[in-house]
Amino acid sequence: MKNDIILSGVGGQGILSIAATIGLAAVECNLFLKQSEVHGMSQRGGDVQSHLRLSDRPIASDLIPHGRADIIISVEPMESLRYLPWLSDTGWLVTNSSPFINIDDYPPIEEILSEIKKIKNHIIIDADSIAKRIGSLRSGNMVILGAASPFIEIPYHNLENAIRNLFKPKGEEVINLNLKALRAGRDFTGK
Amino acid sequence: MNHNIQKLLLLGDEAVARAAMDAGLSGMYAYPGTPSTEIMEYIQSSAEATERNIHREWSSNEKTAMEAALGMSYAGKRAMVAMKHVGLNVAADGFINSAITGVNGGLIVVAADDPSMHSSQNEQDSRFYAKFAFVPVFEPATQQEAYDMIFDAFELSERYKIPVLFRITTRLAHSRAAVELKLTIPEKKLKLPADQLQFVLLPAIARKRYRALLSTYESLKYDLSISKFNSFTDGSDRRMGVITCGIAYNYLMENFSDSKPDFPVLKITAYPFNKDVFTEITDKCSSVLILEEGYPIVEESLRGILDNGIKIHGRLDGMVPRDGELNPAIVAKALGLSVSAGRDVPEIVRMRPPSFCAGCGHSDMFSAIIEALKSYSPGRVFSDIGCYTLAALPPYDTINSCVDMGASITMAIGASDAGLFPAVAVIGDSTFTHSGMTGLLDAVVKNSPVTIIIGDNSTTGMTGGQKSQATGRIENICLGIGVSRDHLRLITPIRKNFEENVRIIKEEFEYHGVSVIIASRECIQTAIKRKKSRASNELS
Ligand SMILES: Cc1ncc(C[n+]2csc(CCOP(=O)(O)OP(=O)(O)O)c2C)c(N)n1
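Note that the structure is a prediction, hence the values are computed from the model and not measured.

Caption draft 1: Examining the side chain of T398(B) more closely. All names here are of chain B. By the secondary structure assignment, T398 is in the loop between β14 (381–382) and α16 (407–417). Among the polar contacts made by the side chain of T398, one reaches the main-chain carbonyl oxygen of Y396 at a distance of 2.9 Å. Residue contacts for T398: discarding those within four places in its chain leaves F366, I369, I370, L373, V381 and A391.

Written as structure tokens, this is what we have:
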């Protein structure tokens, strides 16, 4: 088993909580894991990415080779396209549909969405609205992870456990909110 | 996984920090710098480090950190100092001379290199410094090796009484993997050097110690605790052998995830080495490919000046790009393997460069500077390194230099010496106490007509908001250095104060002497963090 995942978004959007959740779940499943993060300069509202690699065998490179990623999980639609050179022919692109606009020349969102739809395996989810409906915009990340979860070879309950562990310091209410968000995303893709 | 052994998911940086703690570290010293920052941060947030009271305060710069670590080593305890690669330039004087004094307690100098310059001004290779200083190097390929090698590095440092350079690069520093922990070693007791003159580098002593260092360096080449980290694996296809240094090994092996290389491979993760390390592979193969992250250091030493041995491929003959970091595809290409490729990035995707955060004081400070500069010709703003360097980008397009930490003030002085008036320096608070204060003294002593604007956000912002040594001290430092009270101006960079700030800045531009304007407003990121942690404290 091997899952190579690119996580993408804009600095400050918190893609690392998605990475941490998958990471904890992978450890619980006794999988090998490498996760490279971008720190520093690019965090100030610039584009950010993380390479997350899971396998039942030791993993060599911290970076995913081009054309080999099984999934792109993006919390921002334009950012999901930036990493297409990594996506394999059969890979899935799972992205939030709400744009994060902090540049003057951000392209029309319809054009971005139509580029995304050119990818055979894609899921476009309005995670912001779903998260708001559940009760907190900040759980949008977990909605997107939920939407991507059917393509990650980790049992769903391990992802749930990871959320319980990750948010334990923040209390029961936050845990439940994030579990609900994960479920909402999962159901969206399941439909 | 074996549950008797404790395993943690750690960044390369964290693995280095955790290992040092487990190996009996007594003092951690550092100045922040990507990709090294998380080493100190891990220790600062560790309950165990607090309990043991391991030293874990930031230093003013890499030189003060290096020297304090050497002082801890002098007193017989294990010390580590960490910095980004360019930090080693700042610490170089202490680093190179620490090889000549030698150490007492084990001393590890961690340099985190940033090939491809993800967040740096250059991609210098710290292994070069080690050779220059005659110091051994460990260059782990994985988080686990990083953890394990720290123990060996301390041991080697104490056995040979020599500092050890620990070289990591961005991809290892900022990548997380499971690390198996070892049994911990207790901290050392205070014990001064047996020879009271060991650290006194008077020429007569230094000459002796230097000769001893040269002979130590020769012995190191044959020491098992270094050579055991350089391993040879034979293969039947002898047309081309491959030599990897550090994490280059991972990129090689990535191309063989379902198989094994059928050619000989020499994996190097420790230096210095003797000739025999290479003869095994060079005797067997008709050519070799060298894969190293950074400069072609091993490649150059193998080629020598005459370059008349076996055929050598690498960065120097173009088989591997001359600059930038390696990756699996670069290695595949060099080996003549097929390179996988995905789709192209669609044309509509726009660049998204970093920018000032909403609510950042620097942006209001620059709005006022831009307005105040309107009556002068462009090209007179010397800046420095920090979040405020973003003013080089649109819509600000204001600054004309960013060279090394502290260079804003000193370059403004030099330009004013040449006749540029007004000459303006813009520098951050942490950069000011890192390397700006001495430049300010130069300006004061000769009364240079420069205007120095200190963007004081009370934190080391660019690297993620570490404590700044400058906080609450800048005004008194400037007065103490000799800036005149009348030309030490305090402003608050908020929109409401725009007109007044422009007026003050203009007044100081016109003054023919040293002016300092301190523009103080808390970093919006640290303000948010502070409010959050206060809220959660009130809840609990
Ligand atoms: C010699 C050296 N050490 C460390 C760094 C990393 N670095 C770049 S900017 C910066 C922080 C600057 O902080 P400050 O001057 O307060 O400005 P701010 O980012 O807060 O605006 C650091 C530590 C560097 N580039 N060079």
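Caption draft 2: Region of the structure containing the packing of helix α4 (residues 127–134) of chain A against helix α5 (residues 140–148) of chain A. All names here are of chain A. Close contact between α4 and α5 brings their axes to 8 Å; oriented N to C, the two are set at 115°. Pair α4 / α5 crosses with right-handed handedness. Residue-level inspection shows A127, I130 and A131 of α4 in contact with α5, the latter providing G140, V143 and I144. The residue makeup of the contact of α4 with α5, split by class, is five nonpolar, one polar and no charged.

Caption draft 3: View of helix α19 (residues 498–509) of chain B. Taking 1.5 Å of rise per residue, twelve residues should cover 16 Å, and α19(B) covers 16 Å from first to last C-alpha, within 8% of that figure. Looking at the buried positions of α19(B), the neighbouring elements they touch are α15 (361–372), β15 (423–428), β16 (450–456), β17 (488–491) and β18 (515–520) of chain B.

Caption draft 4: Looking closely at the nonpolar core. All names here are of chain B. Of all hydrophobic cores here, the largest spans 106 residues; its most connected members are M80, F166 and L252. At eight residues, helix α7 (residues 143–160) tops the list of elements feeding residues into this core. Of the domains in this structure, domain 1 (7–189 + 200–226) and domain 2 (231–335) are the two that each give at least three residues to this core. If we skip the residues at most four places from it in the chain, F166 touches V16, I108, V109, V110, A111, F138, P140, A146, M149, I150 and A153.

Caption draft 5: Highlighting the interface of chain A and chain B. Listed as interface residues are 47 residues of chain A and, on the opposing side, 45 residues of chain B. Interface area, chain A with chain B, both sides summed: about 4100 Å², of which 55% is carbon and sulfur. Where the side of chain A that touches chain B is concerned, the elements lending two or more residues are α1 (15–28), β2 (32–36), β3 (47–55), α2 (77–82), β5 (87–96) and α3 (109–117) of chain A. Taken together, the residues of the side of chain A that touches chain B break down into 19 nonpolar, 13 polar and 15 charged.

Caption draft 6: Just the site of the ligand, in detail. All names here are of chain B. Taken together, 26 residues sit near the ligand, with E62, H362, T431, N457 and G461 positioned nearest. Between S430 and the ligand, the recorded distance is 2.9 Å, taken from a backbone N or O atom to an oxygen atom. At a separation of 2.5 Å, an oxygen atom of the ligand approaches a polar side-chain atom of T431. Bound to the protein, the ligand loses 97% of the 590 Å² it would expose on its own. For the shell around the ligand, the secondary-structure elements that each account for two or more residues are α5 (85–101) and α17 (429–445). If one sorts the elements of the shell around the ligand by residue count, α17 sits on top with four residues. A per-class count over the shell around the ligand returns nine nonpolar, 14 polar and three charged. If you count residues domain by domain, the shell around the ligand takes at least three from each of domain 1 (7–189 + 200–226) and domain 3 (361–526).

Caption draft 7: Region of interest: the side chain of T170(B). All names here are of chain B. The residue T170 is located in helix α8 (residues 170–173) in this model. A polar contact of 2.6 Å, which involves the side chain of T170, links it to the side chain of D114. Discounting chain neighbours no more than four positions away, the residues touching T170 are P35, D113, D114, P115 and H118.

Caption draft 8: Looking closely at a nonpolar patch on the surface. Side chains of Y74(B), L190(B) and L192(B) sit close together on the surface and give an oily, nonpolar patch of about 320 Å² of accessible area. By the secondary structure assignment, L192(B) is in the loop between β7 (175–180) and α9 (203–220).

Caption draft 9: Inspection of the pattern of salt bridges at higher detail. Residues and elements named next belong to chain B. This structure, assessed with the given rule, holds 48 salt bridges over all chains. In this structure, the salt-bridge partner of K284 is E280, at a minimum N-O distance of 3.9 Å. With K284 and E280 both in helix α12 (residues 276–284) and four residues apart, this pair spans about one turn of that helix. The partly exposed category is assigned to K284, whose relative accessible area is 30%. Its relative accessible area of 40% is what places E280 among the partly exposed residues. Ionic pairing is found between R489 and E507, a salt bridge with its closest N-O pair at 2.9 Å. Of this pair, R489 sits in strand β17 while E507 sits in helix α19; the two residues are 18 residues apart in sequence, bridging distant segments of the chain. For R489, a relative accessible area of 18% translates into the label buried. With a relative accessible area of 36%, E507 lands in the partly exposed category.

Caption draft 10: Expanded view of the environment of D104(A). Its location among the elements puts D104(A) in the loop between β5 and α3. For the pair D104(A) and H51(A), spaced 53 residues apart in sequence, the C-alpha separation works out to 28 Å.

Caption draft 11: Quick look at the environment of D148(B). Along the chain, D148(B) turns up in helix α7. With 125 residues separating them in the primary sequence, D148(B) and A23(B) have C-alpha atoms 9.7 Å apart.

Caption draft 12: Molecular detail of the packing of α17(B) against helix α18 (residues 474–481) of chain B. Residues and elements named next belong to chain B. Contact geometry of α17 with α18 gives a least axis separation of 10 Å together with a crossing angle of 20°. Regarding the angle of α17 to α18, the classification is roughly parallel. Considering only the axes of α17 and α18, their crossing is right-handed. Contact with α17, carried on its side by D429, F432, T433, M437, L440, L441 and V444, involves I474, I477, C478 and I481 of α18 and no other residues of that element. By residue class, the composition of the contact of α17 with α18 is nine nonpolar, one polar and one charged.

Caption draft 13: Structural context of the domain arrangement of chain B. One can read the domain layout of chain B as domain 1 (7–189 + 200–226), domain 2 (231–335) and domain 3 (361–526). Relative to domain 3 of chain B, the C-alpha centre of domain 2 of chain B lies at a distance of 48 Å.

Caption draft 14: Up close: the packing of aromatic side chains. Residue and element names in this part refer to chain B. Tallied over the entire structure, the rule returns 15 aromatic pairs over all chains. Aromatic side chains F138 and F229 sit 5.5 Å apart centroid to centroid with 85° between the ring planes, which places their arrangement in the edge-to-face category. Of this pair, F138 sits in strand β5 (residues 137–138) while F229 sits in the loop between α10 (224–227) and β8 (230–233), and the two are 91 residues apart along the sequence. The residues F138 and F229 share a single accessibility class, namely buried. Here a set of aromatic residues connected by ring pairs shows up, and it is made of F134, Y210 and Y217. Between K182 and the ring centre of F151, over which it is positioned, the NZ or CZ distance is 5.0 Å. Its end group placed over the ring of Y249, K267 keeps NZ or CZ at 4.5 Å from the ring centre.

Caption draft 15: Local environment of α12(B). All names here are of chain B. Taken as a whole, α12 has its buried residues at V277, F278, I281 and T282. Mapping the buried residues of α12 onto a view down its axis gives an arc of 95°, with all of them on the same face. Away from the buried face of α12 by more than 90 degrees, exposed residues D276 and D283 are located. Taken together, the buried residues of α12 touch β8, β9 (241–245), β10 (265–268), β12 (287–292) and α13 (297–303).

Reading guide: rules and limits
- Residues numbered from 1 in each chain as written.
- Chains lettered and ligands numbered in written order.
- Predicted model: local features only at pLDDT ≥ 70, side-chain atom pairs only at ≥ 80, totals over all residues.
- Heavy atoms only, no water.
- Helix = DSSP H or I, 4+ residues; strand = E, 2+ residues; numbered from the N terminus.
- Polar contact = N/O pair within 3.5 Å; in protein donor to acceptor, adjacent residues only side chain to side chain.
- Contact = heavy atoms within 4.5 Å.
- Axes fitted to C-alpha atoms, helices over the stretch in contact; angles between N-to-C directions.
- Left-handed = near helix turned anticlockwise from the far one by under 90°.
- Nonpolar A, V, L, I, M, F, W, Y, C, P; charged D, E, K, R; others polar.
- Expected span 1.5 Å × (residues − 1).
- Core = buried A, V, L, I, M, F, W, Y, C linked by side-chain atoms within 4.5 Å.
- Buried < 20%, exposed > 50% of the residue type's maximum accessible area, 1.4 Å probe, protein only.
- Domains from an automatic or database assignment.
- Buried area = accessible area lost by both parts, 1.4 Å probe.
- Near = heavy atom within 4 Å.
- Areas by Shrake-Rupley, 256 points an atom, 1.4 Å probe, with all protein chains shown as cover.
- Patch = residues over 30% accessible without salt bridge, like charges linked within 9 Å, V, L, I, M, F, W, Y side chains within 5 Å.
- Salt bridge = Lys/Arg side-chain N within 4 Å of Asp/Glu carboxyl O.
- Parallel < 35°, antiparallel > 145°, perpendicular 65-115°, else oblique.
- Phe/Tyr/Trp six-rings, centres within 6.5 Å; stacked < 30°, edge-to-face > 60°.
- Lys NZ or Arg CZ within 6 Å of the ring centre and 35° of its normal.
- Arc of directions from axis to C-beta.

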